[in-house]
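Per-entry structural report
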Amino acid sequence: MNDKTASYTPHDTTVTRRFPLREVVLFAALLVAVLGVYALMGAAYSTRMLVEAACYAILALGLTIQWGYAGQFNAGVMGFVALGGFSAMLFSVPVNDAFWGSELPWELGRVLLYGVAAVLVVLGVSRLDRFGMPKVLRTLLAVVLAVVLYLVVISMLREVTGEIQSRAGFVGGFGLPPWVGWIVGGALAGGVGYFIGHICLGLRSDYLAIATLGIAEIIKAFLKNSDWLTRGTATVSPLPWPTPGPAELGFTLSRAIYLSLTAVIIAAIFFLLHRAYHAPWGRMIRAIRDNEVSAAAMGKDINRRRLEIFVLGCILMGLGGGVLGTFNSLFDPQGYLPLNHTFLVLVMVILGGPGNNLGTIFGAVAVYIIWIMSEPLALFLMQLLASLGEGAGWELPSNLDSRALQARVLVIGMLITVVLRFAPKGLLPENIKAHG
(Lines give C-alpha, C1' and ligand atoms only; values in the text may rest on other atoms or scores of the structure.)
Protein backbone atom coordinates (compact mmCIF):
# COMPACT_ATOMS: atom_id res chain seq x y z
CA MET A 1 0.00 0.00 0.00
CA ASN A 2 1.52 3.31 -1.07
CA ASP A 3 1.32 6.61 0.73
CA LYS A 4 -1.37 8.03 -1.55
CA THR A 5 -3.67 5.08 -0.90
CA ALA A 6 -3.05 5.17 2.81
CA SER A 7 -3.80 8.85 3.07
CA TYR A 8 -7.01 8.71 1.04
CA THR A 9 -10.11 9.74 2.94
CA PRO A 10 -13.55 9.39 1.32
CA HIS A 11 -15.49 12.62 0.92
CA ASP A 12 -19.22 13.14 0.88
CA THR A 13 -20.15 14.02 -2.70
CA THR A 14 -23.76 14.91 -1.92
CA VAL A 15 -24.65 18.32 -3.32
CA THR A 16 -25.87 20.66 -0.61
CA ARG A 17 -29.06 22.42 -1.60
CA ARG A 18 -28.80 26.16 -1.15
CA PHE A 19 -31.53 28.20 0.43
CA PRO A 20 -33.37 30.02 -2.40
CA LEU A 21 -32.74 33.46 -0.92
CA ARG A 22 -32.88 35.34 -4.20
CA GLU A 23 -36.16 33.69 -5.19
CA VAL A 24 -37.74 34.42 -1.81
CA VAL A 25 -36.65 38.06 -1.85
CA LEU A 26 -37.83 38.68 -5.42
CA PHE A 27 -41.22 37.03 -4.97
CA ALA A 28 -41.70 38.82 -1.65
CA ALA A 29 -41.02 42.13 -3.40
CA LEU A 30 -43.47 41.10 -6.13
CA LEU A 31 -46.12 40.32 -3.50
CA VAL A 32 -45.61 43.75 -1.96
CA ALA A 33 -46.04 45.34 -5.40
CA VAL A 34 -49.27 43.40 -5.99
CA LEU A 35 -50.66 44.43 -2.61
CA GLY A 36 -49.73 48.03 -3.39
CA VAL A 37 -51.68 47.87 -6.65
CA TYR A 38 -54.68 46.45 -4.77
CA ALA A 39 -54.51 49.30 -2.28
CA LEU A 40 -54.22 51.99 -4.97
CA MET A 41 -56.46 50.68 -7.76
CA GLY A 42 -59.04 48.49 -6.05
CA ALA A 43 -59.78 44.77 -6.10
CA ALA A 44 -61.62 44.57 -9.45
CA TYR A 45 -58.90 46.39 -11.41
CA SER A 46 -56.05 44.53 -9.70
CA THR A 47 -57.61 41.10 -10.17
CA ARG A 48 -58.07 41.80 -13.86
CA MET A 49 -54.41 42.78 -14.06
CA LEU A 50 -53.34 39.51 -12.40
CA VAL A 51 -55.47 37.41 -14.76
CA GLU A 52 -53.91 39.09 -17.80
CA ALA A 53 -50.45 38.68 -16.24
CA ALA A 54 -51.16 34.97 -15.76
CA CYS A 55 -52.16 34.65 -19.42
CA TYR A 56 -48.93 36.37 -20.41
CA ALA A 57 -47.04 33.95 -18.17
CA ILE A 58 -48.30 31.08 -20.35
CA LEU A 59 -47.04 32.92 -23.45
CA ALA A 60 -43.70 33.59 -21.76
CA LEU A 61 -43.30 29.92 -20.83
CA GLY A 62 -43.80 29.05 -24.49
CA LEU A 63 -41.08 31.50 -25.51
CA THR A 64 -38.63 30.52 -22.78
CA ILE A 65 -38.58 26.88 -23.83
CA GLN A 66 -37.89 27.95 -27.42
CA TRP A 67 -35.30 30.58 -26.59
CA GLY A 68 -34.05 29.38 -23.20
CA TYR A 69 -34.05 25.63 -23.83
CA ALA A 70 -33.07 25.55 -27.50
CA GLY A 71 -31.78 29.02 -28.40
CA GLN A 72 -34.53 29.64 -31.00
CA PHE A 73 -35.44 33.32 -31.29
CA ASN A 74 -39.13 33.50 -32.20
CA ALA A 75 -40.17 37.05 -33.13
CA GLY A 76 -43.64 35.95 -34.24
CA VAL A 77 -45.31 35.31 -30.89
CA MET A 78 -48.15 37.63 -31.91
CA GLY A 79 -49.24 35.33 -34.73
CA PHE A 80 -49.60 32.26 -32.50
CA VAL A 81 -51.43 34.31 -29.86
CA ALA A 82 -53.86 35.46 -32.56
CA LEU A 83 -54.45 31.86 -33.66
CA GLY A 84 -55.32 30.92 -30.08
CA GLY A 85 -57.71 33.85 -29.77
CA PHE A 86 -59.32 32.96 -33.10
CA SER A 87 -59.91 29.35 -32.01
CA ALA A 88 -61.39 30.47 -28.70
CA MET A 89 -63.80 32.70 -30.63
CA LEU A 90 -64.69 30.12 -33.27
CA PHE A 91 -65.53 27.34 -30.83
CA SER A 92 -67.29 29.34 -28.12
CA VAL A 93 -69.45 31.79 -30.09
CA PRO A 94 -73.07 30.60 -30.52
CA VAL A 95 -74.06 28.87 -33.75
CA ASN A 96 -75.13 31.17 -36.57
CA ASP A 97 -78.35 29.64 -37.93
CA ALA A 98 -78.37 32.04 -40.89
CA PHE A 99 -75.22 30.32 -42.14
CA TRP A 100 -75.69 26.70 -41.06
CA GLY A 101 -79.35 26.66 -42.05
CA SER A 102 -78.54 27.37 -45.72
CA GLU A 103 -76.57 25.69 -48.48
CA LEU A 104 -73.56 27.92 -47.81
CA PRO A 105 -71.68 25.35 -45.65
CA TRP A 106 -71.79 22.85 -48.52
CA GLU A 107 -70.55 25.47 -50.99
CA LEU A 108 -67.73 26.48 -48.68
CA GLY A 109 -66.76 22.87 -48.03
CA ARG A 110 -66.69 22.16 -51.77
CA VAL A 111 -64.30 25.07 -52.40
CA LEU A 112 -62.06 23.99 -49.54
CA LEU A 113 -61.90 20.46 -50.98
CA TYR A 114 -60.89 21.97 -54.32
CA GLY A 115 -58.12 23.82 -52.48
CA VAL A 116 -56.86 20.62 -50.86
CA ALA A 117 -56.96 18.83 -54.22
CA ALA A 118 -55.00 21.69 -55.82
CA VAL A 119 -52.29 21.42 -53.16
CA LEU A 120 -52.03 17.66 -53.70
CA VAL A 121 -51.75 18.12 -57.46
CA VAL A 122 -48.93 20.67 -57.09
CA LEU A 123 -47.11 18.39 -54.64
CA GLY A 124 -47.45 15.49 -57.09
CA VAL A 125 -46.06 17.56 -59.96
CA SER A 126 -43.13 18.70 -57.79
CA ARG A 127 -42.03 15.06 -57.53
CA LEU A 128 -42.08 14.22 -61.22
CA ASP A 129 -38.27 14.31 -61.29
CA ARG A 130 -38.37 10.87 -59.69
CA PHE A 131 -39.85 9.58 -62.94
CA GLY A 132 -37.13 11.05 -65.12
CA MET A 133 -38.43 14.57 -65.79
CA PRO A 134 -35.67 17.23 -65.73
CA LYS A 135 -35.69 19.25 -62.51
CA VAL A 136 -35.86 22.59 -64.32
CA LEU A 137 -38.95 21.52 -66.26
CA ARG A 138 -40.49 20.04 -63.13
CA THR A 139 -40.01 23.27 -61.17
CA LEU A 140 -41.36 25.43 -63.98
CA LEU A 141 -44.42 23.21 -64.41
CA ALA A 142 -45.10 23.16 -60.64
CA VAL A 143 -44.86 26.95 -60.34
CA VAL A 144 -47.14 27.61 -63.33
CA LEU A 145 -49.67 25.05 -62.15
CA ALA A 146 -49.63 26.45 -58.60
CA VAL A 147 -50.34 29.99 -59.86
CA VAL A 148 -53.16 28.86 -62.14
CA LEU A 149 -54.84 26.66 -59.53
CA TYR A 150 -54.49 29.39 -56.89
CA LEU A 151 -56.26 31.93 -59.08
CA VAL A 152 -59.05 29.45 -59.84
CA VAL A 153 -59.60 28.40 -56.21
CA ILE A 154 -59.35 31.95 -54.80
CA SER A 155 -61.94 33.23 -57.28
CA MET A 156 -64.34 30.47 -56.24
CA LEU A 157 -63.66 31.21 -52.58
CA ARG A 158 -64.32 34.93 -53.00
CA GLU A 159 -67.67 34.17 -54.59
CA VAL A 160 -68.74 31.92 -51.71
CA THR A 161 -67.42 34.22 -48.97
CA GLY A 162 -69.21 37.15 -50.59
CA GLU A 163 -72.45 35.22 -50.29
CA ILE A 164 -71.69 34.39 -46.67
CA GLN A 165 -71.12 38.06 -45.79
CA SER A 166 -74.22 39.29 -47.59
CA ARG A 167 -76.62 36.62 -46.30
CA ALA A 168 -75.25 35.54 -42.89
CA GLY A 169 -72.69 38.14 -41.83
CA PHE A 170 -70.08 35.52 -40.93
CA VAL A 171 -69.94 31.79 -40.28
CA GLY A 172 -70.39 32.16 -36.52
CA GLY A 173 -69.15 29.64 -33.99
CA PHE A 174 -69.76 26.10 -32.78
CA GLY A 175 -71.32 26.93 -29.41
CA LEU A 176 -68.92 24.65 -27.50
CA PRO A 177 -67.24 25.26 -24.11
CA PRO A 178 -64.38 27.79 -24.38
CA TRP A 179 -61.78 25.31 -23.12
CA VAL A 180 -62.33 23.28 -26.30
CA GLY A 181 -61.24 26.34 -28.27
CA TRP A 182 -58.17 26.67 -26.05
CA ILE A 183 -57.09 23.10 -26.80
CA VAL A 184 -57.76 23.47 -30.51
CA GLY A 185 -55.98 26.84 -30.48
CA GLY A 186 -52.88 25.21 -29.04
CA ALA A 187 -53.09 22.43 -31.61
CA LEU A 188 -53.60 24.92 -34.46
CA ALA A 189 -50.65 27.02 -33.34
CA GLY A 190 -48.57 23.86 -33.03
CA GLY A 191 -49.56 22.76 -36.53
CA VAL A 192 -48.60 26.12 -37.99
CA GLY A 193 -45.37 25.98 -35.99
CA TYR A 194 -44.65 22.53 -37.44
CA PHE A 195 -45.08 23.88 -40.96
CA ILE A 196 -42.91 26.92 -40.21
CA GLY A 197 -40.28 24.80 -38.50
CA HIS A 198 -39.73 22.62 -41.55
CA ILE A 199 -38.94 25.74 -43.56
CA CYS A 200 -37.29 28.12 -41.09
CA LEU A 201 -35.42 26.09 -38.46
CA GLY A 202 -32.56 25.54 -40.87
CA LEU A 203 -31.97 29.30 -40.97
CA ARG A 204 -29.61 31.24 -38.76
CA SER A 205 -31.10 32.79 -35.63
CA ASP A 206 -31.39 36.28 -37.12
CA TYR A 207 -33.07 34.98 -40.29
CA LEU A 208 -35.38 32.82 -38.16
CA ALA A 209 -36.47 35.93 -36.25
CA ILE A 210 -37.21 37.79 -39.50
CA ALA A 211 -39.12 34.83 -40.93
CA THR A 212 -41.30 34.33 -37.85
CA LEU A 213 -42.01 38.06 -37.65
CA GLY A 214 -43.21 38.07 -41.26
CA ILE A 215 -45.36 34.98 -40.75
CA ALA A 216 -47.01 36.58 -37.71
CA GLU A 217 -47.97 39.58 -39.84
CA ILE A 218 -49.37 37.24 -42.51
CA ILE A 219 -51.54 35.49 -39.91
CA LYS A 220 -52.80 38.82 -38.60
CA ALA A 221 -53.54 40.10 -42.13
CA PHE A 222 -55.48 36.93 -42.95
CA LEU A 223 -57.63 37.16 -39.81
CA LYS A 224 -58.16 40.89 -40.30
CA ASN A 225 -59.34 40.58 -43.92
CA SER A 226 -61.42 37.41 -43.56
CA ASP A 227 -64.69 39.14 -42.68
CA TRP A 228 -66.65 36.00 -43.50
CA LEU A 229 -64.70 34.06 -40.86
CA THR A 230 -63.79 36.57 -38.13
CA ARG A 231 -65.90 39.68 -38.95
CA GLY A 232 -62.57 41.43 -39.50
CA THR A 233 -62.42 44.92 -38.05
CA ALA A 234 -66.04 44.65 -36.82
CA THR A 235 -64.80 42.32 -34.00
CA VAL A 236 -66.70 39.50 -32.30
CA SER A 237 -68.02 39.91 -28.77
CA PRO A 238 -68.93 38.90 -26.16
CA LEU A 239 -67.04 35.63 -25.85
CA PRO A 240 -68.42 33.34 -23.13
CA TRP A 241 -66.28 32.33 -20.16
CA PRO A 242 -65.80 28.76 -18.92
CA THR A 243 -66.49 30.12 -15.42
CA PRO A 244 -69.36 32.28 -14.11
CA GLY A 245 -69.07 35.78 -15.54
CA PRO A 246 -69.42 39.25 -14.03
CA ALA A 247 -73.17 39.25 -14.66
CA GLU A 248 -73.60 36.35 -12.20
CA LEU A 249 -70.96 37.03 -9.55
CA GLY A 250 -69.74 40.59 -10.08
CA PHE A 251 -66.41 41.73 -11.47
CA THR A 252 -64.13 40.93 -8.54
CA LEU A 253 -65.34 37.43 -7.67
CA SER A 254 -65.74 36.27 -11.28
CA ARG A 255 -62.24 37.48 -12.15
CA ALA A 256 -60.85 35.81 -9.02
CA ILE A 257 -62.36 32.48 -10.14
CA TYR A 258 -60.91 32.96 -13.63
CA LEU A 259 -57.54 33.74 -12.01
CA SER A 260 -57.76 30.45 -10.09
CA LEU A 261 -58.35 28.60 -13.35
CA THR A 262 -55.35 30.20 -15.05
CA ALA A 263 -53.23 29.46 -11.94
CA VAL A 264 -54.11 25.76 -12.24
CA ILE A 265 -53.13 25.80 -15.93
CA ILE A 266 -49.80 27.47 -15.13
CA ALA A 267 -49.11 25.00 -12.32
CA ALA A 268 -49.73 22.05 -14.65
CA ILE A 269 -47.50 23.53 -17.37
CA PHE A 270 -44.78 24.36 -14.85
CA PHE A 271 -44.83 20.81 -13.45
CA LEU A 272 -44.57 19.21 -16.90
CA LEU A 273 -41.83 21.57 -18.07
CA HIS A 274 -39.87 21.09 -14.86
CA ARG A 275 -39.98 17.32 -15.27
CA ALA A 276 -38.99 17.57 -18.92
CA TYR A 277 -36.15 19.99 -18.18
CA HIS A 278 -34.51 17.62 -15.68
CA ALA A 279 -35.21 14.49 -17.74
CA PRO A 280 -32.75 13.09 -20.31
CA TRP A 281 -34.79 14.83 -23.02
CA GLY A 282 -34.15 18.22 -21.42
CA ARG A 283 -30.43 17.56 -21.05
CA MET A 284 -30.30 16.55 -24.69
CA ILE A 285 -32.06 19.77 -25.77
CA ARG A 286 -29.62 21.88 -23.77
CA ALA A 287 -26.71 19.93 -25.21
CA ILE A 288 -27.93 20.73 -28.72
CA ARG A 289 -28.28 24.40 -27.74
CA ASP A 290 -24.79 24.65 -26.24
CA ASN A 291 -22.85 22.60 -28.80
CA GLU A 292 -24.79 21.41 -31.80
CA VAL A 293 -21.77 19.78 -33.46
CA SER A 294 -20.95 17.65 -30.42
CA ALA A 295 -24.58 16.62 -30.01
CA ALA A 296 -24.73 15.55 -33.67
CA ALA A 297 -21.51 13.58 -33.21
CA MET A 298 -23.23 11.69 -30.36
CA GLY A 299 -25.95 10.58 -32.80
CA LYS A 300 -28.71 13.02 -31.84
CA ASP A 301 -31.26 14.02 -34.47
CA ILE A 302 -30.71 17.79 -34.31
CA ASN A 303 -33.45 18.89 -36.71
CA ARG A 304 -36.09 16.67 -35.15
CA ARG A 305 -35.37 17.88 -31.62
CA ARG A 306 -35.29 21.52 -32.64
CA LEU A 307 -38.63 21.05 -34.38
CA GLU A 308 -40.08 19.40 -31.26
CA ILE A 309 -39.17 22.31 -29.02
CA PHE A 310 -40.40 24.89 -31.52
CA VAL A 311 -43.78 23.18 -31.86
CA LEU A 312 -44.10 22.78 -28.08
CA GLY A 313 -43.50 26.50 -27.57
CA CYS A 314 -46.06 27.38 -30.25
CA ILE A 315 -48.64 25.14 -28.56
CA LEU A 316 -48.26 27.05 -25.29
CA MET A 317 -48.52 30.37 -27.13
CA GLY A 318 -51.73 29.27 -28.81
CA LEU A 319 -53.12 28.04 -25.49
CA GLY A 320 -52.23 31.31 -23.76
CA GLY A 321 -53.74 33.30 -26.61
CA GLY A 322 -57.01 31.40 -26.24
CA VAL A 323 -57.15 31.95 -22.47
CA LEU A 324 -56.37 35.66 -22.89
CA GLY A 325 -58.90 36.14 -25.72
CA THR A 326 -61.66 34.48 -23.73
CA PHE A 327 -60.95 36.61 -20.66
CA ASN A 328 -61.07 39.82 -22.71
CA SER A 329 -64.38 38.54 -24.12
CA LEU A 330 -63.45 40.08 -27.47
CA PHE A 331 -61.79 38.95 -30.68
CA ASP A 332 -60.29 41.87 -32.57
CA PRO A 333 -57.61 40.99 -35.17
CA GLN A 334 -56.40 44.60 -35.12
CA GLY A 335 -55.76 44.35 -31.39
CA TYR A 336 -52.83 41.98 -31.85
CA LEU A 337 -49.74 44.17 -31.94
CA PRO A 338 -46.03 43.25 -32.05
CA LEU A 339 -45.37 45.61 -29.13
CA ASN A 340 -48.00 44.05 -26.86
CA HIS A 341 -47.82 40.40 -27.90
CA THR A 342 -44.20 39.85 -28.96
CA PHE A 343 -41.87 42.49 -27.55
CA LEU A 344 -43.55 42.53 -24.13
CA VAL A 345 -43.30 38.74 -23.85
CA LEU A 346 -39.66 38.96 -24.87
CA VAL A 347 -38.99 41.48 -22.08
CA MET A 348 -40.69 39.16 -19.57
CA VAL A 349 -38.39 36.29 -20.49
CA ILE A 350 -35.28 38.48 -20.45
CA LEU A 351 -36.12 39.93 -17.03
CA GLY A 352 -36.99 36.60 -15.44
CA GLY A 353 -34.21 34.56 -17.04
CA PRO A 354 -34.36 32.50 -20.28
CA GLY A 355 -34.49 28.79 -19.50
CA ASN A 356 -35.73 29.29 -15.91
CA ASN A 357 -39.43 28.49 -15.69
CA LEU A 358 -39.84 30.04 -12.24
CA GLY A 359 -37.98 33.15 -13.37
CA THR A 360 -40.19 33.40 -16.44
CA ILE A 361 -43.34 33.41 -14.31
CA PHE A 362 -41.81 36.06 -12.07
CA GLY A 363 -40.80 38.16 -15.09
CA ALA A 364 -44.26 37.88 -16.63
CA VAL A 365 -46.07 39.16 -13.55
CA ALA A 366 -43.49 41.83 -12.73
CA VAL A 367 -43.25 43.25 -16.24
CA TYR A 368 -47.02 43.27 -16.71
CA ILE A 369 -47.48 45.17 -13.44
CA ILE A 370 -44.91 47.72 -14.61
CA TRP A 371 -46.58 47.89 -18.03
CA ILE A 372 -50.06 48.46 -16.60
CA MET A 373 -49.11 50.82 -13.76
CA SER A 374 -46.81 53.01 -15.87
CA GLU A 375 -49.78 54.91 -17.30
CA PRO A 376 -51.59 55.92 -14.07
CA LEU A 377 -48.31 56.73 -12.30
CA ALA A 378 -47.08 58.83 -15.23
CA LEU A 379 -50.46 60.62 -15.37
CA PHE A 380 -50.24 61.34 -11.63
CA LEU A 381 -46.76 62.83 -11.99
CA MET A 382 -47.82 64.91 -15.00
CA GLN A 383 -50.85 66.25 -13.18
CA LEU A 384 -48.69 67.04 -10.16
CA LEU A 385 -46.22 68.98 -12.30
CA ALA A 386 -49.12 70.70 -14.08
CA SER A 387 -50.61 71.86 -10.77
CA LEU A 388 -47.21 73.17 -9.66
CA GLY A 389 -46.69 74.94 -12.97
CA GLU A 390 -50.05 76.70 -13.04
CA GLY A 391 -48.86 79.25 -10.55
CA ALA A 392 -45.75 79.94 -12.62
CA GLY A 393 -47.79 80.62 -15.76
CA TRP A 394 -46.72 77.51 -17.68
CA GLU A 395 -48.60 76.64 -20.84
CA LEU A 396 -49.84 73.14 -20.13
CA PRO A 397 -50.64 70.51 -22.81
CA SER A 398 -54.25 69.37 -22.99
CA ASN A 399 -53.58 65.73 -23.91
CA LEU A 400 -51.98 64.48 -20.71
CA ASP A 401 -53.85 61.16 -20.92
CA SER A 402 -52.35 60.19 -24.28
CA ARG A 403 -48.91 61.35 -23.19
CA ALA A 404 -49.13 59.23 -20.05
CA LEU A 405 -50.10 56.20 -22.15
CA GLN A 406 -46.88 56.54 -24.14
CA ALA A 407 -44.89 56.42 -20.91
CA ARG A 408 -45.33 52.63 -20.99
CA VAL A 409 -42.92 52.32 -23.90
CA LEU A 410 -40.39 54.59 -22.20
CA VAL A 411 -40.50 52.67 -18.92
CA ILE A 412 -40.24 49.24 -20.59
CA GLY A 413 -37.35 50.49 -22.74
CA MET A 414 -35.51 51.75 -19.69
CA LEU A 415 -36.25 48.50 -17.85
CA ILE A 416 -34.82 46.27 -20.56
CA THR A 417 -31.76 48.49 -20.86
CA VAL A 418 -31.04 48.26 -17.12
CA VAL A 419 -31.60 44.51 -17.04
CA LEU A 420 -29.32 43.85 -20.02
CA ARG A 421 -26.65 46.04 -18.44
CA PHE A 422 -26.65 44.67 -14.89
CA ALA A 423 -28.33 41.22 -15.18
CA PRO A 424 -27.92 39.96 -18.77
CA LYS A 425 -28.95 36.44 -17.73
CA GLY A 426 -32.07 37.68 -15.94
CA LEU A 427 -32.92 38.17 -12.29
CA LEU A 428 -33.34 34.40 -11.88
CA PRO A 429 -30.84 32.92 -14.36
CA GLU A 430 -30.92 29.34 -15.51
CA ASN A 431 -29.44 27.02 -12.90
CA ILE A 432 -27.13 24.74 -14.87
CA LYS A 433 -25.99 21.70 -12.90
CA ALA A 434 -22.83 19.81 -13.73
CA HIS A 435 -23.24 16.04 -14.16
CA GLY A 436 -20.58 13.43 -13.66
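Report on the accompanying structure. (Residues numbered from 1 in each chain as written. Predicted model: local features only at pLDDT ≥ 70, side-chain atom pairs only at ≥ 80, totals over all residues. Heavy atoms only, no water.)

Another aspect to go through is the environment of Phe271. Position of Phe271 relative to the elements: it lies in helix 12 (residues 251-278). Residue classification places Phe271 among the partly exposed positions, given a relative accessible area of 47%. A sequence separation of 27 residues divides Phe271 from Met298, and the C-alpha atoms of the two residues are 29 Å apart. (Helix = DSSP H or I, 4+ residues; strand = E, 2+ residues; numbered from the N terminus. Buried < 20%, exposed > 50% of the residue type's maximum accessible area, 1.4 Å probe, protein only.)

On the surface, a cluster of nonpolar side chains totalling about 530 Å² of accessible area is made up of Phe380, Leu381, Leu384, Leu385 and Leu388. Along the polypeptide, Phe380 turns up in helix 17 (residues 357-390). Since its relative accessible area comes to 52%, Phe380 is described here as exposed. (Patch = residues over 30% accessible without salt bridge, like charges linked within 9 Å, V, L, I, M, F, W, Y side chains within 5 Å. Areas by Shrake-Rupley, 256 points an atom, 1.4 Å probe, with all protein chains shown as cover. Salt bridge = Lys/Arg side-chain N within 4 Å of Asp/Glu carboxyl O.)

What follows is about the side chain of Ser254. Considering the arrangement of structural elements, one finds Ser254 in helix 12. Among the polar contacts made by the side chain of Ser254, one reaches the main-chain carbonyl oxygen of Gly250 at a distance of 2.6 Å. (Polar contact = N/O pair within 3.5 Å; in protein donor to acceptor, adjacent residues only side chain to side chain.)

Let us now look at the pattern of salt bridges. A complete count under the given rule lists 10 salt bridges for this structure. A salt bridge links Glu103 to Arg167, with the shortest nitrogen-to-oxygen separation between them at 2.8 Å. With Glu103 in the loop between helix 5 (97-100) and helix 6 (104-125) and Arg167 in helix 7 (residues 135-167), the pair connects residues that are 64 residues apart, well separated along the chain. Assessed through its relative accessible area of 38%, Glu103 is described here as partly exposed. Note that Arg304 and Glu308 form a salt bridge whose closest N and O atoms lie 3.8 Å from each other. With Arg304 and Glu308 both in helix 15 (residues 302-328) and four residues apart, this pair spans about one turn of that helix. For Glu308, a relative accessible area of 26% corresponds to the partly exposed category.

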